[in-house]
Amino acid sequence: MKHIVAPRIRPSLTFAALSLVALGAVASTALAQQQPAATASAAALDRGNVLKSPGIFGVFSTYKVRPELYRLANAQRKGMAAEVTALADQYKDKIIVDAYLTRGLSAKSDFLLRVHGSDLAAVQKFMVDFRATRFGVMCDVTESLVGITKPLNYITKEKSATLNAGLSSASYSGDAPRYSIVVPIKKSAAWWNLSDEQRLKEMESHTHPTLQYLGNVKRKLYHSTGLDDTDFITYFETNDLGAFNNLMLSLAKVPENTYHVRWGSPTVLGTIQTLDSVVNTLTTTK
Amino acid sequence: MKHIVAPRIRPSLTFAALSLVALGAVASTALAQQQPAATASAAALDRGNVLKSPGIFGVFSTYKVRPELYRLANAQRKGMAAEVTALADQYKDKIIVDAYLTRGLSAKSDFLLRVHGSDLAAVQKFMVDFRATRFGVMCDVTESLVGITKPLNYITKEKSATLNAGLSSASYSGDAPRYSIVVPIKKSAAWWNLSDEQRLKEMESHTHPTLQYLGNVKRKLYHSTGLDDTDFITYFETNDLGAFNNLMLSLAKVPENTYHVRWGSPTVLGTIQTLDSVVNTLTTTK
Amino acid sequence: MKHIVAPRIRPSLTFAALSLVALGAVASTALAQQQPAATASAAALDRGNVLKSPGIFGVFSTYKVRPELYRLANAQRKGMAAEVTALADQYKDKIIVDAYLTRGLSAKSDFLLRVHGSDLAAVQKFMVDFRATRFGVMCDVTESLVGITKPLNYITKEKSATLNAGLSSASYSGDAPRYSIVVPIKKSAAWWNLSDEQRLKEMESHTHPTLQYLGNVKRKLYHSTGLDDTDFITYFETNDLGAFNNLMLSLAKVPENTYHVRWGSPTVLGTIQTLDSVVNTLTTTK
Amino acid sequence: MKHIVAPRIRPSLTFAALSLVALGAVASTALAQQQPAATASAAALDRGNVLKSPGIFGVFSTYKVRPELYRLANAQRKGMAAEVTALADQYKDKIIVDAYLTRGLSAKSDFLLRVHGSDLAAVQKFMVDFRATRFGVMCDVTESLVGITKPLNYITKEKSATLNAGLSSASYSGDAPRYSIVVPIKKSAAWWNLSDEQRLKEMESHTHPTLQYLGNVKRKLYHSTGLDDTDFITYFETNDLGAFNNLMLSLAKVPENTYHVRWGSPTVLGTIQTLDSVVNTLTTTK
Amino acid sequence: MKHIVAPRIRPSLTFAALSLVALGAVASTALAQQQPAATASAAALDRGNVLKSPGIFGVFSTYKVRPELYRLANAQRKGMAAEVTALADQYKDKIIVDAYLTRGLSAKSDFLLRVHGSDLAAVQKFMVDFRATRFGVMCDVTESLVGITKPLNYITKEKSATLNAGLSSASYSGDAPRYSIVVPIKKSAAWWNLSDEQRLKEMESHTHPTLQYLGNVKRKLYHSTGLDDTDFITYFETNDLGAFNNLMLSLAKVPENTYHVRWGSPTVLGTIQTLDSVVNTLTTTK
């Protein structure tokens, strides 16, 4: 029986800082893989900075491993994880790679990669090179979402001071999250044809019941209208899936929900892991 | 011709206890596989307790066997069932595994696993390890639903005393169920935007006609908003599919049904079997 | 060039009897395969009785043959039909198997099996054993529908005497049907929320224009709410597809049609054949 | 580089005659393949007569060639076209086969067969035998539509004299068509619940703007309610795709369009070719 | 690690000229591949002229590489790019081929070909010949869109002088675009049933907010009603995806958006590359 490596406990400091921007900040995962003991390699991106900045691309790709991988002898699958990790390291000055194991929790994928970078072409190069590894040629892409980070649209200090203060005053205080959930969202033409004031009002109703969950669910928002077939990619991390379920119910119960034409489909639920752990898990059989 | 092992007759005691929680309690299946004569292994979970508790995760995964399994000689398929059963036994202190044969009754799957545990990561580990067995590498996942149990929402002693009493007073009295049906349910934004009082009223109308079926259909409810692309997973066991058809018709005939955006799709109908029997059946050819 | 065996001409007697129950009775197909000259085997089910009784399960499964079948030499495919027919014979005291060739007329399947039995578990056992034959392991299931027969709901002597008499007075008088059509039907929540009286009124409007087609289209109805993702499975046999097209148009032109959320999808059109003929046709190449 | 054989120029006489029946007459394609120099074979169907008659079945099947065809050596693919053409010749007294190359223009198919015959079982036999040829076993069916020809419903001399005269007075005068387009159409329950008079009025509005395109787009209509999951199969031939695009826009701009629940999906665009040319093109690599 | 060749910087002159026709002009891509140093070959099409002319067909095909390509040794994949490029060169007097790498950014494809020509049959011949190359036989088509260019419909000098002037006065002034986005659009029957004046008014509202993006997003429009299952194919090039996202949001916020029944599905995002680079990238592994 194979063992899934427990996700690293990450310093809460990063999260506290990020939680200032509700729906705009999630600290993340397998930092380790971006920080090997390489000597001469380029300087790695500053993770905290990248995750807080606007104008950063986030590419979410889910993959299924093809059965032929398991027709290889275990020995032939050895080293695949190291090869993939080394590739991510080569790109560490341009992109940040996070990995999630979805097998067993999502029907349409075995794992998810979330890749951040300020240059989308560089992100694509990594994605292409990943597919050219021995492990990558055994994987099929099952979903691809491309988003870009932007400053807050609605709940700003200027437009909605009280709620903005509410968002800023709370910070994540739960255990290190073990789970992430990705929910693509598309809104109807009726939504986009509301006035700015109407949309602000709806987003205030949307935001109010979520304040109580800032302590146990982290969130980050990506904008993707025109870049793929959604308007938004919402990303969550939590260690308390019951609280997350309640958060999502509270979002279902506001009028803004009546403007959704896509909310999930797929909802991607996975465990936060290092890239090395994900590939190791998927390349090992008894 | 291969023989399908008849489902074990389980003591009605368990069911009587569970039926106190309508739509929240279904006794279950192949208990045997969780109770081998292992000596030194960890203590198995208490099945009745797990099935009655809130905060328990239920993962439902349907699988199709890939044709390549049948290109193996019968001899090569020998032992696959024992390997899978042994794996489930290793996890018996963390999870409970129920198995159902759906081949011949559902187009999109050959079998269903329902796995309960209080730690979703442990459930995932089992799912991943199952896929790494000789049988598991031959299977494709075709649907995955993740839910969590919660206390009753609507028909409680406080909010709806008479109906609650009705639910509590009846218990399953039919033959040991041979069939299970899983029906994922998603409700519209209009539903979630009703007031709590309105939803309670609708759920009372929903519950009333179901009382008469408590004697021959067992039910259990899982909440999954945000965990997958449904809001609820409803699980049923019965030995009387005609009665079950009538129950479902009675649920179709109340206004709550007008708020469904998903009701089935897929409906998963299978026979309740031991895990050993399911794998044996699917790995044997003439 | 291979020859498709013409469907057997069946005695009209059976059909005359069955046509008493409009939308509830279709005589059927390849009776021969249920009546081999076996000596010691169990008594076969009484076909006419089974098809007229309520509480009988009807399982409809469509299959596609995988291309690998045709990579086998013709000699390796020899005997596959006999093997399948022998299997059906072993079950003849429990189930009735009808077979239809859909290749060339339906994109999603090559053949259809319709299996009747009073014990659904026995039907499943046959389905599972069929998939374990040399032919069955080469087939993929593409659709599976499960229904149960019930007494008439609406157009009874009591509720709608004139129409009931109209249904009873006409009988099929056309040539032996060569074609069957299966049309799954699902109705909206609005339909099910009508009162019994309103639904009766709509079904009377539905039934009236169909009387004229009793002479050349046979029909049988199965109820499947909760057993699969439809509410009804409607089954037709005819030798006059132009008349059938007109019948379906007349059903499209009544208000009841506005309550359909599924009508077909798939519509399964095939020719009525013996099981032996279907398997022979699909296992022979030039 | 392989060469696609240019479609034969067919005598305009046939088309002039057929264009008398607007939306009911399209001359056709690869007549040559139905008229080999066979001596003793049965008399071929009269093409013009078949295409003008009511009660004729038209089966439209699209196919994709499986990649394994191209793993065969070119030599092994030799003769496949001749084999298929010979098969069509054997059936020439019962059916008429037209072939279209869709590769490069439609994602879901490589070619389309349109087969006419008065006996649907004979059409099916050909379809089945085609799949049993060396080429056919390498093909997957991706869409299957079954229709039947009928006399005009709405724009008749009796009901709509002026429009009927307009349809009759114009005839196709363009270059020999090189392109065909197949568009399946399904109408809503609201359409079918209109009165005959209302539907006639809508069809008059539908027909009026199409008169100007009779000279450069040929059309033929098949009825398929109940035979597959559409109500109509509309078939077009043209050499002027810009004019065809304008024709379709004019049909989009009338109220009848608001009753469509399927219009295309798929739209099948291909070039008109001989059966021999289609198979040759698809079985040849560099 | 493989290197993705940076798209060539193309002279801005071409784009300045094309930008006169808003939503009708996008300069393009890998011009180099159409201009090899061939001596005796036919004269290449004039790219600028083709892209500005009405009556030109544009075929958009997306492809996925099948995994079997990567089972070939690297040596066996050598020369595939040259073979494809040589094929495009043979057609350079009839068609113009543009190539885009979508792997890593779109789930359903690895690359996109956009092919222009005045004769659709010639475009098809190229598409067919491409599939017959060693690389092409390893590719599956995942989407195919066929459109035709037309003169402006709405925002003309005559109908909407001010907006037309606005469109004409601005020209692309950003960096050479590295990204292209293809968005298929289908409009509802309600849209097409508006009067010409109403549609003009809506298109004016649609056009107004887009003027500010002429400087950093190029656009080209193809009409496809009846040629495939969309009404329009909109094609964009940009180097500023944030601006593009804002452009698409501005198009979402006008009433015309309420008439969309398809907007994307798929949205195809890729990087602009030479055909040689695309094939090289996809045929190289480590």
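Basis of the calculations
- Residues take numbers from 1 onward in each chain, read along the sequence in its written order.
- Each chain is given a letter, starting from A, and each ligand a number, starting from 1, according to the order in which they appear as written.
- Per-residue local features are limited, in this predicted model, to residues with pLDDT of at least 70; the limit for side-chain atom pairs, both in listing and counting, is 80 or more; totals at the level of whole chains, interfaces and linings are taken over all residues.
- The copies were overlaid by least squares, fitting only the C-alpha atoms of residues that reach a pLDDT of 70 or more in each copy.
- Here the C-beta atoms are placed from the backbone, and a residue counts as buried if at least 20 other C-beta atoms lie within 10 Å of its own, exposed if 12 or fewer do, and partly exposed otherwise.
- Strands here mean DSSP runs of E at least two residues long; helices mean DSSP runs of H or I at least four residues long; both are numbered from the N terminus.
- By this definition, two strands are paired if DSSP reports at least two bridges between them.
- Either an automatic procedure or a domain database provided the assignment from which the domain bounds are taken.
- Here the contact rule is simple: place C-beta atoms from the backbone, and any two residues whose C-beta atoms are within 7 Å are in contact.
- Each residue receives one of three labels: charged for Asp, Glu, Lys and Arg, nonpolar for Ala, Val, Leu, Ile, Met, Phe, Trp, Tyr, Cys and Pro, and polar for the others, Gly being one of them.
- Each helix should span, by expectation, one fewer than its residue count multiplied by 1.5 Å.

Chemist: Outline the relation of the copies chain E and chain A, listing residues and values.
Modeler: The two copies are related by a screw operation: chain E maps onto chain A through 72 degrees of rotation and 0.0 Å of translation along the axis, at an RMSD of 0.0 Å. Taken together, these values place the two copies in the relation of a five-fold axis. Minimal C-alpha distance to the rotation axis in chain E is attained by glutamate 68 of chain E, lying at 9.1 Å.

Chemist: Please provide a residue-by-residue account of the pairing of strand β7 (residues 217-223) of chain D, values included.
Modeler: Residue and element names in this part refer to chain D. By the criterion of burial, β7 is predominantly enclosed, with 7 of the 7 residues buried. On β7, burial covers both faces: Val217, Arg219, Leu221 and His223 on one face and Lys218, Lys220 and Tyr222 on the other are all buried. Pairing of β7 with strand β8 (residues 232-238) involves 7 bridges; the strand directions are antiparallel. Of the residues in β8, the one forming a bridge with lysine 220 is tyrosine 235.

Chemist: I'd like a description of the domain arrangement of chain A, backed by residues and values.
Modeler: All names here are of chain A. Partitioning chain A into structural domains gives domain 1 (29-149 + 278-283) and domain 2 (161-269). Just the C-alpha atoms count here: the centres of domain 1 and domain 2 sit 25 Å apart. Across the contact, 17 residues belong to domain 1 and 13 residues belong to domain 2. Only β2 (57-65) and β5 (139-148) provide two or more residues apiece to the side of domain 1 that touches domain 2.

Chemist: Please give an account of the interface of chain A and chain B that cites residues and values.
Modeler: At the interface, 34 residues of chain A touch 31 residues of chain B. Put simply, the parts of the chain that give the side of chain A that touches chain B at least two residues each are α9 (241-252) and β10 (268-273) of chain A. Ranked by the residues each element gives to the side of chain A that touches chain B, the list is headed by α9 of chain A, at 7 residues. Class assignment for the residues of the side of chain A that touches chain B results in 15 nonpolar, 14 polar and 5 charged.

Chemist: So, helix α5 (residues 120-131) of chain C: which residues are in play, and what are the values?
Modeler: What sets the pattern is the α-helix's 3.6 residues per turn: residues three or four places apart point alike. All names here are of chain C. For α5, which comprises 12 residues, the first-to-last C-alpha distance of 17 Å matches the rise-based estimate of 16 Å (1.5 Å per residue) to within 8%. Of all 12 residues making up α5, 10 are buried, and the element is well covered by its neighbours. Turning to α5, its buried residues are Leu120, Val123, Gln124, Lys125, Phe126, Met127, Val128, Asp129, Phe130 and Arg131.

Chemist: Residue-level account of the interface of chain E and chain A, with values.
Modeler: Where interface size is given, it is often the accessible area lost as the parts come together that is meant. Each side of the interface is counted separately: chain E has 34 residues, and chain A has 31 residues. At the level of elements, α9 (241-252) and β10 (268-273) of chain E are the ones that each hand at least two residues to the side of chain E that touches chain A. Ranked by the residues each element gives to the side of chain E that touches chain A, the list is headed by α9 of chain E, at 7 residues. A per-class count over the side of chain E that touches chain A returns 15 nonpolar, 14 polar and 5 charged.

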